[in-house]
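Geometric and topological summary
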Amino acid sequence: MKVSVVGTGYVGLVTGACLAEMGNDVLCLDVDPNKIRILEEGGIPIHEPGLDVVVARNVKAGRLSFTTDVAKAVDHGTIQFIAVGTPPDEDGSADLQYVLAAARNIGRLMTDYKVIVDKSTVPVGTADKVRAAVADELAKRGSDARFAVVSNPEFLKEGAAVDDFMRPDRIVVGADDEQAILLMRALYAPFQRNHERLIVMDVRSAELTKYAANAMLATRISFMNELALLAEKMGADIEQVRVGIGSDPRIGTHFLYAGCGYGGSCFPKDVKALIKTGSGEGQDLLVLQAVEAANDRQKLVLVDKITQRFGNDLNGKHFALWGLAFKPNTDDMREATSRVVLAELFKRGATVTAYDPVAMAEAKRIFGDEPGLKYADSPNAALEGADALVIVTEWKEFRSPDFERIKNTLKSPVIFDGRNLYDPRLVKAAGLDYDAIGRGVKSV
């Protein structure tokens, strides 16, 4: 099957590479010539584990190619995936300019039947706007070419996107065109050989499903973070509470980890967009407003702990910071808690040496020549000269540190752990103070 993918970001590149892996002939389009140059030279413009291998294998096999030529991409695929960015507008709504521009390009250049698939995370009603944009372009040139618009939201986790695409737990297809549904079933058949995972629904329900899924996960995180703050005040341990409630099959164990707030390209943007959508329909989404407010507060919890220990004036204080990415296995720092923590520490006069396995180049792009920020080439190197250690991202390499070395290196023997990586008893036995999230039990 011939497939075109518009956009080579996380969603577009993973979609294109994984569809090629199943034998499809895929052409990925991007208007950024630098991205296409990197891909054609064998590089990957994003950090996603395993993606480089899949891309290289399918480029070599001739099933995956890249272009900046819009006309070529429109001509190539019967199925046209739109996987461009939908950044938040100033009012919190999703900015659809790139989605609609892609749709208009397809309508302007198509000559035969196309299935236009919204893969980007878009608000309810976007398919109608895409349909109108394509129809308008066809009308301008008097073309009667047929097309269908499908909503096929992605459910990929950054850091595990390839595995998520290749082994999906569900494939949501929103469509009302029988031919389009048949083509989508054929396209996804190789991904669901064991049992049916494809769920067909109306377009608007599919669009809402994506937002609802991310909003639910964000809600679980903020709920646990709120409970963690309460547990800390009451002398309870949120980790023990997590195990206790997670054993209830109605609740389950996923997304119950308290921490220093969620970030990334999805949860903050999608919660904000869904709140805006509700407002536009005259429906205040009170729970999601609270989810967003709780997350904003949670990103400051580590700073609050630091100032409680060292005072609000941090001039002359230097901190080691482990983790810059919003989560492990990615270099994505969009809405990352590290950005909030660093900004607040700098504002109070502190300096920081940071370490992250993959996100330091992105941090340098974001912070530029910030004089208060230096980078280390290892976790231990970041500790040199530091008053305390601050942990923001739960990378695996941080999980079993040499506590004795940390104690002997830090000027003040304290770890501020925003991800609850350690057993408090082990840390305290090493002679370190341990200030984590919701770990109110002083001794067990």
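Each remark here, short or long, concerns the structure printed above.
This text gives an overview of the structure that appears in the document. (Residues numbered from 1 in each chain as written. Predicted model: local features only at pLDDT ≥ 70, side-chain atom pairs only at ≥ 80, totals over all residues. Heavy atoms only, no water.)

1. Focus: the overall build of the chain
If you tally the helices and strands in the chain, you get 18 helices and 14 strands. At 24 Å, the chain has a C-alpha radius of gyration in line with the 22 Å of a compact globule built from 444 residues. When the backbone C-alpha atoms are referred to their principal axes, the chain occupies close to 75 × 45 × 45 Å. With 444 residues in all, the chain has 54% of them scored as buried. Long-range contacts, defined here as pairs at least 24 residues apart, represent 74% of the contacts in the chain between residues at least 6 apart. Across the chain, 54 positive and 62 negative side-chain charges occur, with their mean positions spaced 3 Å apart. (Helix = DSSP H or I, 4+ residues; strand = E, 2+ residues; numbered from the N terminus. Rg over C-alpha atoms; globule rule 2.2 N^0.38 Å. Buried < 20%, exposed > 50% of the residue type's maximum accessible area, 1.4 Å probe, protein only. Contact = heavy atoms within 4.5 Å. Lys, Arg positive; Asp, Glu negative; His and termini not counted. Charge placed at Lys NZ, Arg CZ, Asp CG, Glu CD.)

2. Digging into the packing of aromatic side chains
Evaluation of the coordinates by the stated rule reveals 12 aromatic pairs. Here the aromatic rings of phenylalanine 310 and phenylalanine 319 are separated by 5.6 Å at their centres, their planes lie at 75°, and the arrangement is edge-to-face. Judged by its relative accessible area of 15%, phenylalanine 310 falls in the buried class. Among the aromatic residues, those joined into a cluster by ring pairs are Phe165, Tyr188 and Phe191. The ring of phenylalanine 155 has arginine 170 sitting right over it, with the charged end atom 3.7 Å from the ring centre. Residue placement shows lysine 364 over the ring face of tyrosine 375; its charged tip is 5.2 Å from the ring centre. (Phe/Tyr/Trp six-rings, centres within 6.5 Å; stacked < 30°, edge-to-face > 60°. Lys NZ or Arg CZ within 6 Å of the ring centre and 35° of its normal.)

3. Topic: the sheet that holds strand 14 (residues 433–435)
Strand order in this open sheet of 6 strands is 11-10-9-12-13-14, and the pairing throughout is parallel. Two strands in the sheet have a free side with no partner beyond their single neighbour: strand 11 (373–375) and strand 14. Each strand of the sheet is rotated relative to its neighbour by a mean of 20°, with strand direction disregarded. With 5 bridges joining them, strand 9 (residues 318–322) and strand 10 (residues 351–355) adopt parallel strand pairing. Along strand 10, the bridge assignment pairs phenylalanine 319 with valine 352. Each of strand 9, strand 12 (388–391), strand 13 (414–417) and strand 14 touches helix 13 (residues 301–310); the most contacted strand, strand 13, lies at about 160° to it. (Pairing = 2+ DSSP bridges. Axes fitted to C-alpha atoms, helices over the stretch in contact; angles between N-to-C directions.)

4. Quick word on the packing of helix 9 (residues 203–234) against helix 10 (residues 238–246)
Relative orientation of the contacting elements helix 9 and helix 10 amounts to 130°, with a least axis distance of 9 Å. As judged from the angle between their axes, helix 9 and helix 10 are oblique. Taken as a pair, helix 9 and helix 10 cross one another with a handedness that is right-handed. Residues Met224, Leu227, Ala228 and Ala231 of helix 9 lie in contact with helix 10, whose contacting residues are Ile238, Arg242 and Ile245. Residue composition of the contact of helix 9 with helix 10, grouped by class: 6 nonpolar, no polar and 1 charged. (Parallel < 35°, antiparallel > 145°, perpendicular 65-115°, else oblique. Left-handed = near helix turned anticlockwise from the far one by under 90°. Nonpolar A, V, L, I, M, F, W, Y, C, P; charged D, E, K, R; others polar.)

5. Brief notes about the pattern of salt bridges
Oppositely charged side chains may form a pair once their charged atoms are brought near each other. Applying the stated rule across the entire model yields 32 salt bridges. Taking the shortest distance from any N to any O, the salt bridge between lysine 276 and aspartate 91 comes out at 3.5 Å. Of this pair, lysine 276 sits in helix 11 (residues 267–280) while aspartate 91 is found in the loop between strand 4 (79–82) and helix 5 (97–109), placing the two residues 185 residues apart along the sequence. Residue classification places lysine 276 among the partly exposed residues on the basis of a relative accessible area of 31%. According to the relative accessible area criterion, aspartate 91 is partly exposed, its value standing at 44%. Here glutamate 344 makes a salt bridge to arginine 348, at a shortest N to O gap of 2.5 Å. (Salt bridge = Lys/Arg side-chain N within 4 Å of Asp/Glu carboxyl O.)

6. Quick word on the pairing of strand 13
Of the two faces of strand 13, the one lined by Val414 and Phe416 and the one lined by Ile415 and Asp417 are each fully buried. In this structure, strand 12 lies alongside strand 13, joined through 3 bridges in parallel fashion. Across the sheet, residue leucine 389 finds its bridge partner in strand 13, namely isoleucine 415. Pairing analysis gives 3 bridges linking strand 13 to strand 14, with the strands arranged parallel. Residue isoleucine 415 lies in a different strand from strand 14, and its bridge partner there is tyrosine 434. With helix 18 (residues 424–429) bridging strand 13 and its parallel neighbour strand 14, the resulting β-α-β unit is right-handed. (Right-handed = clockwise from strand over helix to strand, strands pointing away.)

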